[in-house]
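What follows is each chain in one-letter form.
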Amino acid sequence: SYQEVDEYDLISTHLFLENEHKQVIAYARIFPETDQVRIGRVLIDKDHRKKGLGVLLMEKAIEQIKVLFSDRIIVIQAQAYLLRFYKNFGFVSVSKEYLEDGIPHVDMRLSRMNT
């Protein structure tokens, strides 16, 4: 089962977008690792998809990393069906497809030199 809270939540930067009722409709977290920064838990509420919120969220996440961790590489574990989405930001695949929680994923990396 998927654990909601983990040890990374305490050291993460949490990004979220709210609707007019102060409900969270999009979320991502940024957490530093030894020589890289990971963007994880990129979520868009199902009723708010296809409205550009994913693009906005990723732009904000990358922007925050440039400010907080300008010397580190950005990595993600992308769901395989979203490869094209992440490639639009300059991410490149660095692994073969694998299953994570029963869902096909690919590790991707964005070099600091490409941003």
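Residues numbered from 1 in each chain as written. Predicted model: local features only at pLDDT ≥ 70, side-chain atom pairs only at ≥ 80, totals over all residues. Heavy atoms only, no water.

Engineer: What should I look at first to understand the packing of aromatic side chains in this one?
Structural biologist: Each aromatic ring pair is described using two quantities: the centre-to-centre distance and the angle formed by the ring planes. Scanning the model with the defined rule gives three aromatic pairs in all. Taken together, a centroid distance of 5.0 Å and an interplanar angle of 75° make the contact between Phe85 and Tyr86 edge-to-face. Taking 6.0 Å as the distance between ring centres and 80° as the angle between the ring planes, the aromatic pair formed by Tyr86 and Phe91 counts as edge-to-face. Assessed through its relative accessible area of 2%, Phe91 is described here as buried. Site record: aromatic cluster; members linked through ring pairs are Phe85, Tyr86, Phe89 and Phe91. (Phe/Tyr/Trp six-rings, centres within 6.5 Å; stacked < 30°, edge-to-face > 60°. Buried < 20%, exposed > 50% of the residue type's maximum accessible area, 1.4 Å probe, protein only.)

Engineer: Looking at this structure, how should I read helix 1 (residues 53-68)?
Structural biologist: The periodicity of an α-helix, 3.6 residues per turn, causes residues three or four places apart in sequence to face the same way. If you check helix 1, its first and last C-alpha atoms are 22 Å apart, about what 16 residues at 1.5 Å a residue would give, namely 22 Å. Leu53, Gly54, Leu57, Met58, Ala61, Ile62 and Ile65 are the residues of helix 1 that are buried. Down the axis of helix 1, the sector holding all buried residues measures 165°, keeping them to one side. On the buried face of helix 1, the contacting elements are strand 1 (13-18), strand 2 (24-32), strand 3 (36-44), strand 4 (73-79), helix 2 (83-87) and strand 7 (103-110). (Helix = DSSP H or I, 4+ residues; strand = E, 2+ residues; numbered from the N terminus. Expected span 1.5 Å × (residues − 1). Arc of directions from axis to C-beta. Contact = heavy atoms within 4.5 Å.)

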